[in-house]
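Here's the letter readout for the chains.
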Amino acid sequence: MTHLRKMMLEELERRNYSQATTRRYLRFVERFAQHFGKSPDKLSPDHIRTYQAYLLKVRKLEPGSVENHVAALRFFFVHTLHRHEFRQFLPYPKTRRKLPKILSREEVARLIDASNSLFERTLLMVLYGTGMRRSEVARLETLRAHWRWLKPRVYLFPSRLHRDREQPITDKIVWRACTEAAKRAGIRKRVTPHLVRHSWATHLLEAGTDLRTIQLLLGHEDLEVTARYLHLSEQRLHQVANPIEELKLASVDQCSRAYHRPRRS
């Protein structure tokens, strides 16, 4: 492992990025360096500009995919190398964002009730009840009811492949628990751990929790990221009150008596 890769890995781990994001960011920075055949810290804003154009025009990646590359490069230059001036050379490509789908509360209840075992039920309840990432859920330690049933020694959800010493389950197990419970519940949406996490955050928003609090609970470093993942539901839109309705204004009759009638010419 090179010194730069180790530095970036430490910064990612320090900020508690998921394993999937960590692997993706490291891979994208590596590809950036390989494209020019130089160490990434030796590359300039001109290289960044050329590379973004290459991703869009030559490789013809979708703007959303290029956005992931930009996020990785931003992290490397700004957080690993502390070159904050590079931020302005790494704009996110303009893209049409679709409002993400979420599960209703009724669908979340059906999902949990469709679990195949106490193991899955506890896992899904923790996933929705905390808004954690699947990799974080896979490495949790004790919850009382599940612990009494399984008697885990280290991890709340230990892998059944390791009898002699406990290992955490993989995040694929968390993924499969969601998709299989969704099928049994008759939910046609594509249910993933991230969708459950997003639904939890959106339900917090609908309940009146402010965006800053949700940002902290989700572990997002940037408030813009939180706003990007949360959308206003119809319930939230209907709850929006026009400020003028809060004003204590005089009645129309009172106003008409106070105003002078316009003179006719």
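Source: prediction; values computed, not measured.

1. So, helix H3 (residues 45-58)
Phase 1 of the analysis: For H3, spanning 14 residues, the distance from its first C-alpha to its last is 19 Å, which sits close to the expected 20 Å at 1.5 Å a residue.
Phase 2 of the analysis: Within the sequence span of H3, burial applies to His47, Ile48, Tyr51, Gln52 and Leu55. Down the axis of H3, the buried side of the element spans an arc of 135 degrees, and every buried residue falls inside it. Along H3, the residues that are exposed and aim more than 90 degrees away from the buried face are Lys57 and Val58.
Phase 3 of the analysis: Summarising the contacts, the buried residues of H3 are in contact with helix H2 (19-36) and helix H4 (63-80).

2. Notes on helix H10 (residues 193-206)
Phase 1 of the analysis: Its 14 residues give H10 an end-to-end C-alpha distance of 20 Å, which sits within 8% of 20 Å, the value for a rise of 1.5 Å per residue.
Phase 2 of the analysis: Among the 14 residues of H10, 12 are classified as buried, and the element is accordingly described as predominantly covered.
Phase 3 of the analysis: Residues of H10 that are buried include every one of Pro193, Leu195, Val196, Arg197, His198, Ser199, Trp200, Ala201, Thr202, His203, Leu205 and Glu206, and no others.

3. Observations regarding the nonpolar core
Phase 1 of the analysis: Counting 31 residues, the largest nonpolar core has Leu103, Leu111, Leu123, Val191 and Val196 as its most contacted members.
Phase 2 of the analysis: Those elements giving two or more residues to this core turn out to be helix H5 (105-113), helix H6 (118-130), helix H9 (171-185), H10 and helix H11 (211-218).
Phase 3 of the analysis: Residues Val70, Ala71, Phe75 and Leu81 belong to the second largest nonpolar core, which totals 25 residues.

4. Examining the environment of Phe28
Phase 1 of the analysis: Tracing the backbone shows Phe28 in helix H2.
Phase 2 of the analysis: In this structure the C-alpha to C-alpha distance between Phe28 and Leu73, which are 45 residues apart in sequence, comes to 7.6 Å.
Phase 3 of the analysis: Beyond its immediate sequence surroundings of up to four residues, Phe28 is in contact with Asn68, His69 and Ala72.

5. Overview of the packing of H5 against H6
Phase 1 of the analysis: The geometry of H5 relative to H6 is characterised by a closest axis approach of 9 Å and an angle of 155 degrees between their N-to-C directions. When the axis of H5 is compared with that of H6, the two are roughly antiparallel. From H5, Val108, Leu111, Ile112 and Asp113 reach across to H6, where they touch Arg121, Leu124, Met125 and Tyr128.
Phase 2 of the analysis: Residues of the contact of H5 with H6, tallied by class, amount to six nonpolar, no polar and two charged.

6. Some points on the environment of Thr170
Phase 1 of the analysis: Tracing the backbone shows Thr170 in the loop between helix H8 (144-150) and H9.
Phase 2 of the analysis: For the pair Thr170 and Ser159, spaced 11 residues apart in sequence, the C-alpha separation works out to 7.7 Å.

7. Notes on unusual backbone geometry
Phase 1 of the analysis: Despite not being glycine, Lys60 shows a phi value in the positive range, around 55 degrees.
Phase 2 of the analysis: Along the chain, Lys60 turns up in the loop between H3 and H4.
Phase 3 of the analysis: The phi dihedral of His82 is positive, around 60 degrees, even though this residue is not glycine.
Phase 4 of the analysis: With respect to the helices, strands and loops of the structure, His82 is situated in the loop between H4 and H5.

8. Examining the packing of aromatic side chains
Phase 1 of the analysis: Following the criterion strictly, the structure yields 11 aromatic pairs and no others.
Phase 2 of the analysis: When the centroid spacing of 5.7 Å and the interplanar angle of 80 degrees are considered together, the rings of Phe32 and Phe36 count as edge-to-face. A residue pair is termed a helical-turn pair when its members lie 3 or 4 positions apart in one helix, as Phe32 and Phe36 do in helix H2 at four residues.
Phase 3 of the analysis: The class of Phe32 is buried, set by a relative accessible area of 0%.
Phase 4 of the analysis: A ring pair is formed by Phe77 and Phe86, whose centres lie 4.6 Å apart and whose planes are at 15 degrees; its orientation type is stacked. Judged on exposure class, the residue Phe77 and its partner Phe86 are both buried.
Phase 5 of the analysis: Among the aromatic side chains, those forming a connected cluster through ring pairs are Phe32, Phe36, Tyr51, Tyr54, Phe76, Phe77, Phe86 and Phe89.

9. Quick look at the environment of Pro63
Phase 1 of the analysis: Assignment of secondary structure puts Pro63 in helix H4.
Phase 2 of the analysis: Given the relative accessible area of 22%, Pro63 is considered partly exposed.

10. Focus on the pattern of salt bridges
Phase 1 of the analysis: As enumerated under the stated definition, the model contains eight salt bridges in all.
Phase 2 of the analysis: A salt bridge links Asp46 to Arg49; the shortest N-O distance between them is 2.7 Å. Taken together, the residues span about one helical turn, with Asp46 and Arg49 both in helix H3 at a distance of three residues.

Conventions adopted
- Counting starts from 1 at the beginning of each chain's written sequence and moves along it residue by residue.
- Under the rules for a predicted model, residues below a pLDDT of 70 receive no local features and side-chain atom pairs below 80 are neither given nor counted, while totals for whole chains, interfaces and linings still include all residues.
- Side-chain numbers here rest on the full set of heavy atoms in the structure, without hydrogens or water.
- A run of H or I in DSSP counts as a helix once it spans at least four residues, and a run of E counts as a strand once it spans at least two, with each numbered from the N terminus.
- Expected span of a helix: the number of residues minus one, times 1.5 Å.
- Type-normalised accessible area, obtained with a 1.4 Å probe on protein chains alone, sets the label of each residue: buried when under 20%, exposed when over 50%, and partly exposed for intermediate values.
- It is the directions from the helix axis to the C-beta atoms whose arc is reported.
- Between two residues, a contact is recorded if the distance between any of their heavy atoms is within 4.5 Å.
- The nonpolar core is taken to be a set of buried Ala, Val, Leu, Ile, Met, Phe, Trp, Tyr and Cys residues, with the residues joined through side-chain atoms within 4.5 Å.
- To obtain each axis, a line is fitted to C-alpha atoms, and for helices this fit is confined to the stretch in contact; angles are then taken between N-to-C directions over 0 to 180 degrees.
- Throughout this description, any angle smaller than 35 degrees is read as roughly parallel, any larger than 145 degrees as roughly antiparallel, any in the 65 to 115 degree range as roughly perpendicular, and the remainder as oblique.
- Three classes are used: nonpolar for Ala, Val, Leu, Ile, Met, Phe, Trp, Tyr, Cys and Pro, charged for Asp, Glu, Lys and Arg, and polar for all others, with Gly counted as polar.
- Here a pair means two rings of Phe, Tyr or Trp (six-membered ring of Trp) with centres within 6.5 Å. Their orientation is stacked below 30 degrees between planes, edge-to-face above 60, and tilted elsewhere.
- Each salt bridge in this description consists of a side-chain nitrogen of Lys or Arg and a carboxyl oxygen of Asp or Glu lying within 4 Å of one another.

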